[in-house]
Amino acid sequence: MLLFHLGREVYGLYAALGSIMAYLFVLEFGTGSAVPKYVAELWAKNDAEGLNRLVSSFFFAFLALSLSLILTALISLPLVPRVFKTSPELASTAEIVFFLTVVNFAIILPFSTMGGLFFGTHRIYITYWLDGFFYALNLASAYLALKLNYGLVGVSLGTLGARILVVILLAWFAQTRCASVRFELSYFDWKVVKRVGTPSLYYFIIDLSSLIILSTDQLIISSFIGVAAVTAYSIAFRLWRIPAGLITTLSNVLLPYISELDVYGNLPRLRDLYSKLTKYSLLLAMGVFACVAAFGEKLISLWVGPENFAGTAVLFCFGLMFPLHTIVGSSAQILIGMAQHKKLAWVLFSEGILNVGLSLLLLHHFGVLGVALGTVIARLMTSFWFAPWYVCRILRHDFREYLRDVGLTLIPFVPSFGFAVIVRQWSASPFLIIFGGSLATCATYLAFFSRLSLSRAERQGWWDRMTALAARGASAT
């Protein structure tokens, strides 16, 4: 919708500024992961006083940071058109949208503490429902702004309005669902910020590294080629990032449980949890990989037109990121939950530096494909092998057994992708091939997965769960 109404150059500016929004989250300084962990520990110990001091201290510290951030954005506005290489006609638009983007983040930052409170107290579903409401409201406001010809500035104002409404609802839920928790200035304690902030340094390094790895590509393309070249790359990137984000969101739910198991030293349960987290995350990732690799070009052509397709090689690079990102992400969840993430932080940081260097080097030889290749090669050389090996060492888990389980999970990709390639050749409507073929491909992967990747006991367990669920539904009806 945005691409159709705004055009390639303005949409490229929108995508590039979206990367700036991602980088602003570095200013959480790693507390996005640290606060939920410490909230979970204080909640498990029934330490109400400590919990009030923790959330209030970070709320007011972030509030002060947000105000200074808005002031900094105002001062730096003249630099925006030069950094993003926009045409003179887009200079004022770039400045306004940049400022609105910063204000949007400045609103998010202090209230993210409330999201951390819900996360740590096992009420993360509240945050997810509010996120869903925000996206629906944002979509409606963007549609209205485009229909009224307010352009990218109108879209950004609609996003800001949706964010303000959701933040108000977030504060209301925090007051009603966590009534014993108080966000008051009297609870502010700088010592708490320093104490939690010190171990948060490595959470910060992980967050910064993730941003370098996932959000630098579009900035590099816009700086060296121009914002118009960002468009096709950004669309292919979204085709990977949205499903990958869903898988990450599902695994994030387990973080408080991992922290609790670590508090009680329950290594056998942690080993079992790690094995299942990796296995079922890969189940989702590889099924989507098969669909994206086979039907991605047709989907993009149907979605935004064939002129916005970045190429089969770029799409396949993002497809490879599904298993690579999933394996690293599952391992990172365990290490972060156990506060054993120091070494992983430095490995991810090294990956980020290598990613940027390879992207700049390969960009001159292969264009946007070189940027995608830099991301994949950097991951293969660093965190892809280190993260699972280090988790197995921490959990005293046999690494060879882990490799065997991962290999059995990856094998079903071969027949399911082969089936998808056959379906892609059928002479039917693109809509039927994309969505019908994707459903059939996922069903094929699931059938092979259940046979090759699950033990007989696991298959029986799933059958018992499905039978019980069906019986409960029948009785309710």
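For the structure, see preceding data.
The following paragraphs examine the structure supplied in this document. (Residues numbered from 1 in each chain as written. Predicted model: local features only at pLDDT ≥ 70, side-chain atom pairs only at ≥ 80, totals over all residues. Heavy atoms only, no water.)

### Some points on the overall build of the protein chain
For clarity, the cut-off: In DSSP terms, a helix is any run of H or I states spanning at least four residues, a strand is any run of E spanning at least two, and both are numbered starting from the N terminus. To get the radius of gyration, use the C-alpha atoms; to get the globule rule, take the number of residues to the power 0.38 and multiply by 2.2 Å. Remark: exposure states derive from per-residue accessible area (1.4 Å probe, protein chains only) relative to the maximum for the residue type, with buried under 20%, exposed over 50%, and partly exposed in between. Should any heavy atoms of two residues lie within 4.5 Å, those residues are considered in contact.
A tally of helices and strands in the protein chain yields 20 helices and zero strands. Relative to the globule expectation of 23 Å for 477 residues, the C-alpha radius of gyration of the protein chain, 23 Å, shows essentially globular dimensions. Along the first, second and third principal axes, the C-alpha set of the protein chain runs to 65 × 60 × 55 Å. Counting the 477 residues in the protein chain, one finds 51% classified as buried. In the protein chain, the share of contacts with a sequence separation of at least 24, taken over all contacts with a separation of at least 6, comes to 83%.

### Notes on the packing of helix α12 (residues 267-304) against helix α16 (residues 383-395)
We apply this condition: For helices, the axis comes from a line fit to the C-alpha atoms of the stretch in contact; other axes are also lines fit to C-alpha atoms, and the angle between any two N-to-C directions lies between 0 and 180 degrees. The labels follow the angle: roughly parallel below 35 degrees, roughly antiparallel above 145, roughly perpendicular from 65 to 115, and oblique for the rest. Note on convention: near helix rotated counterclockwise from far helix by under a right angle means a left-handed crossing. Clockwise means right-handed.
At a minimum axis distance of 10 Å, the contact between α12 and α16 shows a crossing angle of 155 degrees. The orientation of α12 with respect to α16, classified from their angle, is roughly antiparallel. Along this stretch, α12 crosses α16, giving a crossing that reads as left-handed. In this structure, α12 uses L267, L270, R271 and Y274 to contact α16, whose residues at the interface are P388, V391, C392, I394 and L395.

### A word on the pattern of salt bridges
As a reminder of what qualifies: Take a side-chain nitrogen of Lys or Arg and a carboxyl oxygen of Asp or Glu: if they are within 4 Å of each other, that pair is a salt bridge.
Taken as a whole and judged by the stated rule, the model has eight salt bridges. Taking the shortest distance from any N to any O, the salt bridge between R400 and D398 comes out at 3.7 Å. Look at R400 and you get exposed, because its relative accessible area is 68%. What makes D398 partly exposed here is its relative accessible area of 37%. Overlapping salt bridges bring together E49, R53 and D189 as one network.

### A look at the side chain of T441
Inspection of the secondary structure assignment puts T441 in helix α19 (residues 430-452). Among the residues examined, T441 registers a relative accessible area of 1% and is labelled buried. For T441, the contacting residues outside a window of four places in its chain are A290, C291, F295, S416, F419 and A420.

### A short note on the environment of L90
Examined against the element boundaries, L90 turns out to sit in the loop between α5 (80-84) and α6 (91-120). Distance in space between the C-alpha atoms of L90 and V10 is 7.8 Å, their sequence separation being 80 residues. Aside from chain neighbours lying at most four places away, what touches L90 is E9 and V10.

### Some words on the nonpolar core
For clarity, the cut-off: In this description, a nonpolar core means a group of buried Ala, Val, Leu, Ile, Met, Phe, Trp, Tyr and Cys residues linked to one another through side-chain atoms lying within 4.5 Å.
With 131 residues, the main nonpolar core has F84, F98, W240 and L395 as its most contacted residues. Residue contacts for F98: discarding those within four places in its chain leaves L17, I20, A73, S76, L77 and V80. One finds C291, A294, A420 and I433 within the second-largest nonpolar core, a separate group that totals six residues.

### Focus: unusual backbone geometry
Here N149, not a glycine, exhibits a phi torsion of approximately 60 degrees, which is positive. Within the secondary structure, N149 sits in the loop between α7 (124-147) and α8 (151-177). For N149, a relative accessible area of 70% gives the class exposed. Residue R396 is not a glycine yet carries a positive backbone phi of 60 degrees. Judged by relative accessible area, which is 67%, R396 ranks as exposed.

### Brief notes about α16
In plain terms, the rule: Here, expected helix span is obtained from the residue count minus one, scaled by 1.5 Å.
Counted at 1.5 Å a residue, the expected span for α16 with its 13 residues is 18 Å, and the 18 Å between its end C-alpha atoms agrees. Within the span of α16, buried status applies to S383, F386, A387, P388, Y390, V391, C392 and L395. Contacts from the buried residues of α16 go to α12, α13 (312-337), α14 (342-366), α15 (368-381) and α17 (399-410). Once α16 ends, the next one or two residues include R396, with phi positive near 60 degrees.

### Here we look at helix α18 (residues 413-424)
Convention followed: Note: the arc covers the axis-to-C-beta directions of the helix.
Between its first and last C-alpha, α18 extends 16 Å over 12 residues, near the 16 Å set by a 1.5 Å rise per residue. When α18 is considered as a whole, its buried residues turn out to be F413, S416, A420 and V423. What you see down the axis of α18 is that its buried residues fit within an arc of 90 degrees, all on one side. What points out from α18, more than 90 degrees from its buried face, is the exposed set V414 and I422. Elements in contact with the buried residues of α18: α12, α17 and α19.

### Side note on the packing of aromatic side chains
Using the following cut-off: Stacked, tilted and edge-to-face are the three classes applied to pairs of Phe, Tyr and Trp rings, where Trp contributes its six-membered ring and a pair requires centres within 6.5 Å; stacked means planes under 30 degrees apart, edge-to-face means over 60, and tilted covers the rest. Remark: a charge is flagged as sitting over a ring if the NZ atom of Lys or the CZ atom of Arg is within 6 Å of the ring centre and within 35 degrees of the ring normal.
Enumeration according to the criterion identifies 25 aromatic pairs in this entry. Ring centres of F399 and Y402 lie 5.9 Å apart, and the angle between their planes is 10 degrees; this geometry places the pair in the stacked category. In this pair, F399 and Y402 are both assigned in helix α17, three residues apart and thus about one turn of the helix distant. Taking relative accessible area as the criterion, F399 reaches 25% and is therefore assigned partly exposed. For Y402, a relative accessible area of 5% corresponds to the buried category. In this arrangement the basic side chain of R163 is found over the ring face of F134, its NZ or CZ atom lying 3.9 Å from the centre. In this structure, R465 packs its charged tip against the face of W462, placed 5.1 Å from the ring centre.

Any functional reading would require information that these geometric values do not contain.
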